[in-house]
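# Notes for the structure review
Chain by chain, the residues run as shown.
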Amino acid sequence: MTLSELYSSLGESLNEVLERLRMESRIAKYLKLFLSDPSFEELKNAFASQDAKTAFRAAHTLKGVAANLGLNKLSASSSELTEDLRPLAFTVNSQALFDKVEADYIAAVEGIKQLE
Amino acid sequence: MEEKRPLILIVDDVALNRTLLSDVLCDKYDILEAKNGNEALLLLREKTSEISLVLLDMVMPKKDGMEVLAIMNKNGWINEIPVIMISVENSHSLIEGAYSLGVTDFIGRPFDEMILLNRVSNTIRLYAKQKHLSDLVLSQIYEKTRNNSMMVTMLSHIVEFRNGESGMHVLHINTITEMLLHELLHRSKKYKINKDDIGIISTASSMHDIGKITIPDEILNKPGKLTPEEFNIMKGHSLNGSLMLNSVPFGKDEPLMKYAYEICRWHHERYDGRGYPDGLKGDEIPIAAQIVSIADVYDALTSERCYKKAFTHEKALEMIHNNECGVFNPLLLDCLDAIADKLVASLQTFDWNKQADKDFFYIADTMIKDQKHPIYNQAFRQFINERKKSNFFESMLNDIIFEYTYSPSIMKLSTNAAKKLNLPKTIIEDEKKGSLNIENDNWQKIKEVLYKQSSSKDETIHVNMDLTIDGNKVPCKVIVLQIWNKTQNEPPVLTSAYGHIEVLH
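Starting from 1, residues in each chain are numbered consecutively following that chain's sequence as written. To label them, take the chains in the order written and letter them from A, then take the ligands in the order written and number them from 1. At least 70 in pLDDT is required for a residue's local features to be given in this predicted model, at least 80 for side-chain atom pairs to be given and counted, and no such filter applies to totals for whole chains, interfaces and linings, which use all residues.

### Concerning the overall build of chain B
To be explicit about the condition: Only DSSP runs of H or I reaching four residues or more are called helices, and only runs of E reaching two or more are called strands; each is numbered from the N terminus. Here, residues touch in the contact sense if the C-beta positions derived from the backbone fall within 7 Å of one another.
Counting its secondary structure elements, chain B contains 17 helices and eleven strands. Put simply, 60% of the contacts in chain B that link residues at least 6 apart link residues at least 24 apart.

### Observations regarding the sheet that holds strand β1 (residues 7–11) of chain B
Residues and elements named next belong to chain B. For the record, the criterion: Should DSSP find at least two bridges between two strands, the strands are taken to pair. To obtain an axis, a line is fitted to C-alpha atoms, over the contacting stretch when the element is a helix, and the angle between two such axes runs from 0 to 180 degrees between their N-to-C directions.
Read from one edge of the open sheet, five strands run β2-β1-β3-β4-β5, paired in parallel fashion. In this open sheet, the two strands that pair with only one neighbour each are β2 (30–34) and β5 (105–108). Ignoring which end each strand starts from, the neighbouring axes of this sheet average 20° apart. Where strand β3 (residues 51–57) meets strand β4 (residues 83–87), four bridges bridge the pair, whose relative direction is parallel. Looking at the pairing, Asp 57 lines up with Ile 86 of β4.

### With respect to the interface of chain B and chain A
As a reminder of what qualifies: Side-chain classes follow a simple rule in which Ala, Val, Leu, Ile, Met, Phe, Trp, Tyr, Cys and Pro form the nonpolar group, Asp, Glu, Lys and Arg form the charged group, and the remainder, Gly included, forms the polar group.
Between chain B and chain A, the contact holds 15 residues from the first and 17 residues from the second. Across the side of chain B that touches chain A, the residue classes tally to eight nonpolar, three polar and four charged.

### Things to note about the pairing of strand β11 (residues 493–503) of chain B
All names here are of chain B. Sheet analysis places strand β6 (residues 400–405) next to β11, joined by six bridges and oriented antiparallel. Bridge assignment links Ile 400 to a residue of β11, and that residue is Ile 501. Of the strand pairs in this sheet, strand β10 (residues 472–485) and β11 are connected by ten bridges, and their pairing is antiparallel. Residue Val 480 lies in a different strand from β11, and its bridge partner there is Gly 499.

### Focus: the packing of helix α6 (residues 168–187) of chain B against helix α7 (residues 195–205) of chain B
All names here are of chain B. Operational definition: Should an angle lie under 35 degrees it is considered roughly parallel, over 145 roughly antiparallel, and from 65 to 115 roughly perpendicular; all remaining angles are considered oblique. It is the rotation of the near helix from the far one that decides the hand of a crossing: anticlockwise by less than a right angle makes it left-handed, clockwise makes it right-handed.
Interaxial distance between α6 and α7 falls to 8 Å at its minimum, and their mutual angle equals 155°. When the interaxial angle is binned, α6 and α7 end up roughly antiparallel. Where α6 crosses over α7, the two elements pack in a sense that is right-handed. Note on element contacts: α7 touches α6 through Lys 195, Ile 198, Ile 201, Ser 202 and Ser 205, opposite Ile 173, Asn 174, Thr 177, Glu 178, Leu 181, His 182 and Leu 185. Taken together, the residues that form the contact of α6 with α7 break down as five nonpolar, five polar and two charged.

### Brief notes about unusual backbone geometry
All names here are of chain B. To keep it simple, the criterion reads: Exposure criterion: with C-beta atoms placed from backbone coordinates, a residue whose C-beta has 20 or more other C-beta atoms within 10 Å is buried, one with 12 or fewer is exposed, and one in between is partly exposed.
Looking along the chain, the bond that leaves Arg 109 and enters Pro 110 is cis, with omega of -5°. If you trace the backbone, Pro 110 turns up in the loop between β5 and α5 (113–162). For the bond running from Tyr 276 to Pro 277, omega is 5°, close enough to zero to count as cis. Along the chain, the position of Pro 277 falls in the loop between α10 (255–266) and α11 (287–302). Despite not being glycine, Lys 63 has its phi angle at roughly 70°, a positive value. Note that Lys 63 resides in the loop between β3 and α3 (65–74). With 21 C-beta atoms counted inside 10 Å, the residue Lys 63 sits in the buried group. Phi at Asn 422 is positive, roughly 55°, even though this residue is not glycine. By the element assignment, Asn 422 lies in the loop between α16 (415–421) and β8 (426–428).

### A word on the packing of α7 of chain B against α10 of chain B
All names here are of chain B. Here α7 crosses α10 at 50°, and the two axes come no closer than 9 Å. Looking at the two axes, α7 sits oblique to α10. Handedness of the crossing formed by α7 with α10: right-handed. Together, Asp 197, Ile 200, Ile 201, Thr 203, Ala 204 and Ser 205 of α7 and Pro 255, Leu 256, Tyr 259, Ala 260 and Ile 263 of α10 make up the contact between the two elements.

### Looking at the confidence of the model for chain B
All names here are of chain B. We count it as follows: Confidence scores labelled pLDDT are given residue by residue by the predictor and lie between 0 and 100.
In the predicted model, chain B carries a mean pLDDT of 84, and 85% of its residues have values of at least 70. Across chain B, β1 holds the top mean pLDDT of 95, while helix α15 (residues 378–393) sits lowest at 62. Our summary of model confidence lists the complex with pTM equal to 0.57 and ipTM equal to 0.79.

Spelled out as structure tokens, the structure:
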């Protein structure tokens, strides 16, 4: 899969990212780095251990990282979760919001793994 | 000369974010990276004058961006190092909070490379210009003061040379006067002089004998004893000196002129009222003149003159105490005793460059306290603190020494100290936790001394205690010099401390 195919398969726009980050090679490099970024893992663990503070920070980080890479769906769902967790406590919605983040994250990761 | 590339500190807990930023910036800038607030503060402290810009993330573990900003404010770094905050955060109140803590700019994620580059280069340019101007002013002042001290030294030497003396006399008087003043201020608030006057009075002391140019050569350089008539003419030098100064058509209200006049006229008065030219008694004699008088006598005694050999330091002190060469204020005699040991060393290792720099430091000290134009020059503050530090360490070679900053809490030990005390060379503490990260008896005890409050006057604290040195419990003397940062309108802040541990046998 090419970079452009990846972005369209995720329903995102490569052009928008290119405008900001200039080079395809650079974007590809960041996407690879994104695979080893621990934020999602931290978020997941924080949910498992009911640590709302860490969960908030991890969601916040994920939101930023995803936004930079033009993974806007993931950034949007992370953003919703971030706002939900901002008081540093879980709410009735938290789990559902997390599930959405997880789905978006997995979709992005699966796609990136198929990059040439 | 090739322009040095500006250094940018990138602070972000996410490796990907740091890479993203440094890729964009590394063509034009040198990059330092920090993974959290603590690391950032450590780098800021070490490279305050080198870092041109900080790109700061807001949400991080171990001190977030706001905490870093708060500490940068506390230490005055924010006035010198611009901070651009980069965050995906879009809460209005948090961004407003960042601005109120002094960030220059706020860039939201996702950021546009072009906009980031332009904001970074604009910010650095603006601050560089400001810093360049402040450096320029400081170096001019430095040059000027040095030249001024040199002028005063040269002029007073002219008088001394005619006297057939080496000219060291004036420099010695300068040093002794300064040391006596420090000691006097330390002991008593009786006299209307303060720290700012020390530099001026020391400079003015150089002129104590300018009146001697009115004394004929045959009398001035007569090897034998003077006749009563000759001695009367000789005595005229103090009054003549003051009259010469009085006839200078300007500067009457300047402190330097005022002190020089007092010193010229009254440095041969005696505390019992039997001196000349006016027979002033006790504290009728201005304190500046009293001090120079005792400095003059001490140096005259310990130097060789055309009519006498040099006495030893001990003999000179004894003669002064026995009123063999005048009668002095008992308080000043106490001061002289207190500085006696240091005095010998200072006069032996006299260095004109150091002396000239001193005047600059007095000015610098005053400038830092200036209400209207405070200087925010970190390099400059460091320069001053370094000086205090090196003075303290000068006599302590190869010993157990350490250096501590209060906020952030960082302890640095000399290699020898770390080994003997069984502590790491660098100890960084997390303020938030409030508890000690290191379980070590030595460290706990030393910390207690560090947090003893001296009276915000850069004084040393001496504490005797048992410490574990090389695994054995032994009695030690811990000496700590606390450095206070004085800012206008605010109480002094304890910034750093330098310490020395002496093993008592």
